Amino acid sequence: MKINFVYVVKYTGNKIKKIDSLELGEKEKINILNSMKKHLEKSFHQKLPAFNVNMYFQPEPYSYTVLNEESDNLEEHAKTIHELVKQLQELLKNQKKEKAIVDGTTKYRTFLFNVEHEGNTYFVMNLIPSRKSIEHKKFIITKKNEMRYVELDYGLPLPEEPAAIFDSKKNIISVYKAEEFDKILADNAALKAQAEDKFGKLINGEIIVLDYQIKGISENYFNDLNIRHYKSLSAYSSITFKENITKENFIKAIQHESIPEEQRLQINGSQINIESKDQFKILISVMSERLLLDLLKDKIKTV
């Protein structure tokens, strides 16, 4: 098993804009491979249940076989996978790419590791978590019981477990972390489906916000939501929200001075009555813990 190339991918919106190559020496490639090898060896020989086009929430992990189908005849999620595979196949034909400039000026979103194993070529895919990137940091590190002082200009965190692997010989994508893979695809259809599932539970009273039941939601309100609302709604957890947000801060947020007075939410006993689609958007926005806290800290002026 060996790594031939390590690529980093830049996106514009939801489309891959550019794939660049990290210029690494053989020693660095070996070190990267050694950090991933245990999980890769297991993954290469693991048989996964097949993707079911009738299920949006797949069992995790799952596999998807890319056939020579016309993309117009495919389900939306499958279309997105096909588009990614086309780009991976092009990358196999033209493996030499421009040198990646890894200094924080170019925001790369995804790692693609070109791995050779038993006569086959695989692409191992992972997100690059920007919140964990290292920029202008100084460390004291321990290596083989020796203490060293190190200054780093910029660094990208390396994964140990694959999010997904593309088998170029069998034309199969194996997905081990469905949520991370959806982000690699920049698949808004998947995000929208997750949000729609939470929306239904909110209407039915299966989801509450703190101790408040939400009343008055029209089924048509979902049609007016945007990607930001999908993210807030799909990520919402009643348990973690209650752990991290106090009732006092929640009330301050839904009645914040930056919100037009007619759109501010009012609490009536143990419930919140939604009277318009604009009020509903306010509610969905503040169901994001980060956005709610940023609003209270005046980092943002409106939801």
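Above: the structure in question.
Keep in mind it's a predicted model, so treat the numbers as computed, not measured. (Residues numbered from 1 in each chain as written. Predicted model: local features only at pLDDT ≥ 70, side-chain atom pairs only at ≥ 80, totals over all residues. Heavy atoms only, no water.)

S.K.: Which residues make up the overall build of the protein chain, and what values do they have?
M.R.: Counting its regular elements, the protein chain contains nine helices and 12 strands. With respect to the principal axes defined by its C-alpha atoms, the protein chain has extents near 65 × 55 × 30 Å. Scored against the burial criterion, the 303 residues of the protein chain give a buried share of 41%. Long-range pairs, those at least 24 residues apart, make up 64% of the contacts in the protein chain with a sequence separation of at least 6. One way to put it: in the protein chain the 46 positive side-chain charges average out to a point 4 Å from where the 44 negative ones average out. (Helix = DSSP H or I, 4+ residues; strand = E, 2+ residues; numbered from the N terminus. Buried < 20%, exposed > 50% of the residue type's maximum accessible area, 1.4 Å probe, protein only. Contact = heavy atoms within 4.5 Å. Lys, Arg positive; Asp, Glu negative; His and termini not counted. Charge placed at Lys NZ, Arg CZ, Asp CG, Glu CD.)

S.K.: An account of the packing of helix H4 (residues 188-203) against helix H5 (residues 227-235) is requested, with residue identities and associated values reported.
M.R.: Between two packed helices, both the angle of their axes relative to each other and the distance between the axes serve to describe the pair. Packing of H4 against H5 leaves a shortest axis separation of 8 Å and a crossing angle of 55 degrees. Classed by the angle they form, the pair H4 and H5 counts as oblique. Note on packing geometry: the crossing formed by H4 with H5 is left-handed. For the pair formed by H4 and H5, the contact residues are Asn-188, Leu-191, Lys-192, Gln-194, Ala-195, Lys-198 and Phe-199 on the first element and Ile-227, Tyr-230, Lys-231, Leu-233, Ser-234 and Ala-235 on the second. Here the contact of H4 with H5 is built from residues that sort into seven nonpolar, three polar and three charged. (Axes fitted to C-alpha atoms, helices over the stretch in contact; angles between N-to-C directions. Parallel < 35°, antiparallel > 145°, perpendicular 65-115°, else oblique. Left-handed = near helix turned anticlockwise from the far one by under 90°. Nonpolar A, V, L, I, M, F, W, Y, C, P; charged D, E, K, R; others polar.)

S.K.: So what about the sheet that holds strand E4 (residues 108-117)? Which residues, and what values?
M.R.: The strands making up a sheet associate through backbone hydrogen bonding, with each pair oriented either parallel or antiparallel. Taken in spatial order, the seven strands make up an open sheet running E2-E1-E4-E5-E8-E9-E3, and their pairing is antiparallel. Strands with a single pairing partner mark the edges of an open sheet, and in this sheet they are strand E2 (15-21) and strand E3 (62-65). Averaged over all pairs of adjacent strands, the angle between strand axes in this sheet comes to 25 degrees, irrespective of strand direction. In terms of strand pairing, strand E8 (residues 164-167) meets strand E9 (residues 172-175) through four bridges, oriented antiparallel. Residue Ile-165 lies in a different strand from E9, and its bridge partner there is Ser-174. With respect to the sheet, helix H1 (residues 26-44) is in contact with strand E1 (2-12), E4, strand E5 (120-127) and E8, its orientation differing from that of E1 by roughly 90 degrees. The strands touched by helix H3 (residues 178-185) are E1, E3, E4, E5, E8 and E9; relative to E5, the strand with the most contacts, the crossing angle is about 95 degrees. (Pairing = 2+ DSSP bridges.)

S.K.: Could you give me a rundown of a negative patch on the surface, with the residues and numbers involved?
M.R.: Residues Asp-103, Glu-135, Glu-151 and Asp-153 make up a contiguous surface patch of negative charge. One can find Asp-153 in strand E7 (residues 146-155). (Patch = residues over 30% accessible without salt bridge, like charges linked within 9 Å, V, L, I, M, F, W, Y side chains within 5 Å. Areas by Shrake-Rupley, 256 points an atom, 1.4 Å probe, with all protein chains shown as cover. Salt bridge = Lys/Arg side-chain N within 4 Å of Asp/Glu carboxyl O.)

S.K.: Can you explain the nonpolar core? Please cite residues and give values.
M.R.: Residues Ile-214, Ile-217, Phe-241, Phe-250, Ile-274, Phe-280 and Leu-283 are the most contacted members of the largest nonpolar core, which totals 33 residues. Secondary-structure elements contributing two or more residues to this core are H4, H5, helix H7 (247-254), helix H8 (277-286) and helix H9 (289-296). The leading source of residues in this core is H8, at five residues. Setting aside chain neighbours within four positions, we find Phe-280 in contact with Phe-199, Leu-202, Ile-217, Tyr-221, Leu-225 and Ile-274. Membership of the second largest hydrophobic core comes to 28 residues, among which are Phe-5, Tyr-7, Tyr-62 and Val-66. (Core = buried A, V, L, I, M, F, W, Y, C linked by side-chain atoms within 4.5 Å.)

S.K.: Quick rundown of the side chain of His-229? Include the residues and the values.
M.R.: Mapped onto the elements of the fold, His-229 is located in helix H5. On the basis of relative accessible area, His-229 is assigned to the buried category, the value being 4%.

S.K.: Mind laying out the side chain of Ser-174, listing which residues take part and the relevant values?
M.R.: Assignment of secondary structure puts Ser-174 in strand E9. Those residues in contact with Ser-174, other than ones at most four positions away along the chain, are Leu-48, Tyr-62, Ser-63, Ala-163, Ala-164 and Ile-165.

S.K.: Give me the lowdown on the sheet that holds strand E12 (residues 271-273), citing residues and values where you can.
M.R.: The strand order E10-E12-E11 describes an open sheet built from three strands, whose pairing is mixed. Either end of the sheet is taken by a strand with one partner, and the two such strands are strand E10 (213-215) and strand E11 (267-268). The pairing of E11 with E12 spans two bridges and is antiparallel. Within the sheet, the bridge partner assigned to Ile-267 lies in E12 and is Ile-272.

S.K.: I'd like to hear about H1, residue by residue, with values.
M.R.: Because each turn of an α-helix spans 3.6 residues, side chains separated by three or four positions end up pointing in the same direction. The end-to-end C-alpha distance of H1, which contains 19 residues, comes to just 23 Å, noticeably less than the 27 Å that a straight helix rising 1.5 Å per residue would cover. At Lys-37, H1 shows its strongest bend, of approximately 60 degrees. Buried residues of H1: Lys-29, Ile-32, Leu-33, Met-36, Leu-40, Ser-43 and Phe-44, and no others. On its buried face, H1 is in contact with E1, E4, E5 and E8. (Expected span 1.5 Å × (residues − 1). Bend = angle between axes of the 7 residues up to and from the residue.)

S.K.: Could you give an account of the packing of aromatic side chains, with specific residues and numbers?
M.R.: Inspection of every chain in the model, using the stated rule, returns 10 aromatic pairs. When the ring of Phe-199 is compared with that of Phe-280, the centres are 5.6 Å apart and the planes differ by 75 degrees; the resulting orientation is edge-to-face. Of this pair, Phe-199 sits in helix H4 while Phe-280 sits in helix H8, placing them 81 residues apart in sequence. Phe-280 shares its class with Phe-199; the two are buried. With 5.3 Å between their ring centres and 55 degrees between their planes, Tyr-236 and Phe-241 make a pair best called tilted. Summarising the burial analysis for this pair, Tyr-236 and Phe-241 share the class buried. Taken together, the ring pairs connect Phe-199, Tyr-221, Phe-222, Tyr-230 and Phe-280 into an aromatic cluster. Over the face of the ring belonging to Phe-5 we find Lys-29, whose NZ or CZ atom lies 5.9 Å from the ring centre. Positioned over the ring face of Tyr-11 is Arg-109, at 3.9 Å from the centre of the ring. (Phe/Tyr/Trp six-rings, centres within 6.5 Å; stacked < 30°, edge-to-face > 60°. Lys NZ or Arg CZ within 6 Å of the ring centre and 35° of its normal.)

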